[in-house]
Amino acid sequence: MGFILTTLIFLVIGIIACFCARICCNKGPSANLFHLTLVITATVCCWMMWAIVYLAQMNPLIVPILSEGE
Amino acid sequence: MADGECLPAMDLMRSEPMQLARVIIPMESAHRAISYLGELGLFQFKDLNKDKSPFQRTYATQIKRCGEMARKIRFFRDQMNKAGVTSTKLTYGSVMTLDDLEAKLGELEAELLEMNANSEKLQHAYNELVEYRLVLKKMGEVFNSAQKKATIQHREQEHRRVEGSIDSPLLLEQEMTTDSSKQVKLGYVSGLVPRDKSIAFERILFRATRGNVFLKQDPVGEPVVDPVSGQKVEKNVFIVFHSGERAKSKVLKICDAFGANRYPFTDDAGKQHQMITEVNGKLAELKTTIDVGQHHLVSVLQSISLQFEQWKTMVKKEKSIYHTLNMLSFDVTKKCLVAEGWCPVFATNQIQKTLMQASTDSNSQIGAIFEILHTKEAPPTYFCTNKFTASFQEIVNAYGVAKYQEANPGVYTIVTFPFLFAVMFGDWGHGICLFLATLILILREKTYSSQKLGDIMEMAFGGRYVIIMMSIFSIYTGVIYNECFSVPFEIFGPSAYACRDPSCRDATTIGLIKVRETYPFGVDPIWHGTRSELPFLNSLKMKMSILLGVAQMNLGIILSYFNATFFRNEIDIWYQFVPQMIFLNSLFGYLSLLIIVKWCTGSKADLYHVMIYMFLSPMDDLDDNQLFLGQKYLQLLLLFLALIAVPWMLIPKPFLLKKQHEERHRGEAYVPLGALDDNLGPDSTPRSHGGHEEFEFSEVLVHQLIHTIEFVLGSVSNTASYLRLWALSLAHSELSKVFYEKVLILAWGYNSVVILIIGIIVFIFATVGVLLVMESLSAFLHALRLHWVEFQNKFYQGDGYRFYPFSFALMGDDEE
């Protein structure tokens, strides 16, 4: 549940960033496509990193063992 | 080459379309046309006179003239630096022709040389007079004191003689007269000798004249400027009394050998006084003359400095224009110059307008002709970059310039390079420090770009946009790894773990358990400092590296598909792209799938075991290592697909290429006899204009074999290579933890302000030096390697050459 929710949040942020890029620098179709590619790549990279870390912690096989004196 | 797909073109993805153009310019407007094209900066000239030596070319004399003028300008700059006059920024003085400039530079140089020679002569004379004055003063004192003593002694003698008896006056008178007739006149030599040589001077004089000279030395208080060397030297004033001509010549020779300057001296007190006043007068005169001369020099240099920059640029421009004119060839009538070169297709209108402008400005009757040639030669690659994308494109170009119109990895490098750096750097505290440092560079862009920076600063400034992207991504990955100077924070809610029971007995033996939902963003803060932190994080980061690596490699193979589509290379799509995708994904894509399924289900399957036994004994049952239903059959299928992908990559392509080559050149088997003779002639470079291509089947087969083996073995090694993302990230976090715990916390524990301050200073230096500088460089290098090798070897040829137009803006500020 938390996974899907946050994935949707990433998707929304990505779409908003695309719109911002389109509004701020609208310099013709080839430049627009270029900016779109950059924004999508950045969003996908960031999402992948978060998703990997989240999935790894969902069903852990190792649990934290505190060290002495904590 | 228009792409057959309906995808619109993307900026920077492929090189701008280039064309080979020929420009025919009439002689009278040639110089102006080249000058205007240089301002425009979009035309790359081809050297049409390549076989001529530099001296055979048409404009060699002009270039020599420009070289002379450049030398004079360098001379002016040296003079200005010596006098401490700085050149002001470009002021717009009068526009003059090259001949006028040459004349003006020549006369200014002559004037400066003359002034320098004069001032040197005057200075020499001044220094000599200063030394002479010293000699006069000191020796005057010596003679005066000696005279006083002598008169006293004489008076005493006189006194004694008068008082003496009458008995022996005759004898004494005789002695006196004989004394006076036998009196040998003493000669003397006076001058200055350097103090460090004075003892040796004395010794050699003594030895050479067998002790028959009297030397008196007197040190001078302050250092004197030596007229010969122009340096300040400590000197002694000396006077040597000698008798006889031979002794005099020996003394003179020794003085010359020791570099002692000699000055004449009279023993007449009246004349001494006169000489001193004369010398003082001359010194004052010389000083004013020298000052006036210096003042004049400075004013001339200042007037030069106002126009210096303008002249320098003008000479540089003219030199480059003549170099370019040398590359053009004459046409048949010898009245026009022919230029051939590359230019982007979009610049055609601009170039034509510029040429028309040049023709009208130089009042020529004929306009220049611009025509497009068709050739099979490979054009240069041109990307229209702005200041942001230029630095990323430089990173890609450093490996190899893209072949004309192949896909440019720079598009994705803009995001993936800082991202992979950040995966290895992951600490948002350090990220913020980097961000602030680079922000300063970017905010003061204008001042820094006009200054001359040192080598290292120049590199850092040139890459400022790369570094700021790296720092922004580092802040993000730092938040995900939950590390700020290695300290975790509970920003996104409570940790997911808690003790098993309220007394927390088992916390240090068996550990905590997961009681809440997974920590929503990033690594749970509880992990820091636990005993099982490293096993957990290592497993996480290794698997993350594999997943990111497989994703990037798939992107690379997909880019090769786009290349094949663009160049309409069907063979490459079916017999390279498809088997490569199948091979990579049936092995490492499957591994990625297993990782994700294991995480989602929480199974205890051993993935090493699964992967290895998939190859060793694929028919065995999986038992405990079963992650999902039908896994065994899926593994058998994937193994089979991978196995047939290898011959699929290797065998069909060479045969199909051979068939394609035969079809293309089917009609060329029969050539007329005359053409055959031509082919055997010295024109053995048919490739330069796209002639008959050779096709060696064995060569193509070997090439394909190498390519296949490289891909198959490379898929294993490249995937493992991505584990450096884990390794560097671990190193960074461990170093950061050590500095934090062993420096800062240790200093805090002593409860003393002095030790705390020392600890903070050591911590700051260690963080900046090791973590921010060294680790940054290290992560930069490894991210670069991952891009250049693991990403780009899937699709990048990189054997093009760069478009380097004739442009005044691109002329570097080369300090020759």
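Residues numbered from 1 in each chain as written. Chains lettered and ligands numbered in written order. Predicted model: local features only at pLDDT ≥ 70, side-chain atom pairs only at ≥ 80, totals over all residues. Heavy atoms only, no water.

From N to C terminus, chain A includes two helices and zero strands. For the C-alpha atoms alone, the extent of chain A along its principal axes is close to 60 × 25 × 15 Å. Looking at chain A as a whole, 37% of its 70 residues qualify as buried. Accessible surface, chain A as shown: approximately 3900 Å² in total, 78% of it carbon and sulfur. (Helix = DSSP H or I, 4+ residues; strand = E, 2+ residues; numbered from the N terminus. Buried < 20%, exposed > 50% of the residue type's maximum accessible area, 1.4 Å probe, protein only. Areas by Shrake-Rupley, 256 points an atom, 1.4 Å probe, with all protein chains shown as cover.)

The subject of this paragraph is the UniProt feature "signal peptide" (unreviewed entry) in chain A. Mapped onto this numbering, the UniProt entry gives "signal peptide" (unreviewed entry) at residues 1–20 of chain A. With 95% helix and 0% strand, residues 1–20 of chain A has its two end C-alpha atoms placed 29 Å apart. (UniProt positions renumbered as here; feature names shortened; annotations may be inferred.)

Now for the sheet that holds strand 4 (residues 214–219) of chain B. Residue and element names in this part refer to chain B. One open sheet accounts for four strands, arranged 4-7-3-8; its pairing is antiparallel. A single partner strand is all that each edge strand has here, and the edge strands are strand 4 and strand 8 (261–263). Here the strands of the sheet are splayed against their neighbours by 25° on average, with no regard to which way each runs. Across three bridges, strand 3 (residues 186–194) lies against strand 8 in antiparallel orientation. When the sheet's bridge partners are listed, G191 is paired in strand 8 with R262. Sheet strands in contact with helix 5 (residues 198–208) are strand 3, strand 4 and strand 7 (235–243), and its direction is about 175° off that of strand 4. (Pairing = 2+ DSSP bridges. Axes fitted to C-alpha atoms, helices over the stretch in contact; angles between N-to-C directions. Contact = heavy atoms within 4.5 Å.)

Turning our eyes to something else, we now look at helix 11 (residues 428–443) of chain B. All names here are of chain B. In this model helix 11 runs 22 Å from its N-terminal to its C-terminal C-alpha over 16 residues, within 8% of the 22 Å that 1.5 Å per residue would give. Of the positions making up helix 11, those classed as buried are G429, H430, G431, L434, T438, L441 and I442. Packed against the buried residues of helix 11 are helix 10 (410–425), helix 12 (445–450), helix 13 (455–462), helix 14 (464–481), helix 22 (724–749) and helix 23 (753–791). (Expected span 1.5 Å × (residues − 1).)

Facing 56 residues of chain B, the contacting portion of chain A comprises 33 residues. Regarding the contact of chain B and chain A, the summed buried area is about 4100 Å², with carbon and sulfur atoms giving 74% of it. Going through the elements one at a time, helix 10, helix 14, helix 15 (533–566) and helix 16 (570–601) of chain B are the ones with two or more residues in the side of chain B that touches chain A. A breakdown of the residues in the side of chain B that touches chain A according to their chemical character gives 34 nonpolar, 14 polar and eight charged. (Buried area = accessible area lost by both parts, 1.4 Å probe. Nonpolar A, V, L, I, M, F, W, Y, C, P; charged D, E, K, R; others polar.)

Our next topic: the packing of aromatic side chains. Going through the model one piece at a time under the given rule, you end up with 36 aromatic pairs over all chains. Each ring, one from Y59 of chain B and one from Y322 of chain B, has its centre 5.7 Å from the other, and the planes form 35°; the classification is tilted. One end of the pair, Y59 of chain B, is in the loop between strand 2 (44–45) and helix 2 (60–83); the other, Y322 of chain B, is in helix 7 (residues 269–327), with 263 residues separating them in the sequence. The pair Y59 of chain B / Y322 of chain B is uniform in exposure class, with both members buried. Aromatic ring contacts, followed pair by pair, group F3, F10, W50 and Y54 of chain A into a single cluster. (Phe/Tyr/Trp six-rings, centres within 6.5 Å; stacked < 30°, edge-to-face > 60°.)

UniProt's feature table lists "transmembrane region" (unreviewed entry) at residues 36–56 of chain A, given in the numbering used throughout. Note that residues 36–56 of chain A is 100% helix and 0% strand, and that its end C-alpha atoms are spaced 30 Å apart.

Our next topic: the UniProt feature "transmembrane region" (unreviewed entry) in chain B. Residues and elements named next belong to chain B. The sites that UniProt annotates as "transmembrane region" (unreviewed entry) are residues 419–443, 464–481, 544–562, 574–597, 633–651 and 743–774. Taken end to end, residues 574–597 comprises 100% helix and 0% strand; its first and last C-alpha atoms sit 31 Å apart. Helix makes up 91% of residues 743–774 and strand 0%, whereas the separation of the span's terminal C-alpha atoms amounts to 19 Å.

All names here are of chain B. Overall, the prediction assigns chain B a mean pLDDT of 86, with 91% of residues at 70 or greater. Between residues 678–691, whose pLDDT stays under 50, and residues either more than four places distant or in other chains, the model counts seven contacts. Interface predicted TM-score (ipTM) for the complex: 0.97; the corresponding pTM is 0.82. (pLDDT = per-residue confidence, 0-100.)

All right, on to the environment of F265 of chain B then. All names here are of chain B. Along the chain, F265 turns up in the loop between strand 8 and helix 7. The spatial distance from the C-alpha of F265 to the C-alpha of I239 is 9.6 Å, given a sequence separation of 26 residues. Residues contacting F265, with those up to four places away along its chain left out, are V135, L136, M139, G140, F143, Y188, S190 and Q272.

A separate point is a nonpolar patch on the surface. All names here are of chain A. On the surface, I4, L8, L11, I15, F19 and I23 cluster together into a nonpolar patch covering about 660 Å² of accessible area. Tracing the backbone shows I4 in helix 1 (residues 2–24). Judged by relative accessible area, which is 54%, I4 ranks as exposed. (Patch = residues over 30% accessible without salt bridge, like charges linked within 9 Å, V, L, I, M, F, W, Y side chains within 5 Å. Salt bridge = Lys/Arg side-chain N within 4 Å of Asp/Glu carboxyl O.)

Turning next to a positive patch on the surface. Residues and elements named next belong to chain B. On the surface, a cluster of positive charge is contributed by R210, R246, K250 and K253. Considering the arrangement of structural elements, one finds R246 in helix 6 (residues 245–257). Judged by relative accessible area, R246 falls into the exposed class, the value being 69%. (Lys, Arg positive; Asp, Glu negative; His and termini not counted. Charge placed at Lys NZ, Arg CZ, Asp CG, Glu CD.)

With that settled, consider the side chain of Q576 of chain B. Assignment of secondary structure puts Q576 of chain B in helix 16. Setting aside residues up to four positions removed in sequence, Q576 of chain B forms contacts with I571, K653, Q704 and H707 of chain B.

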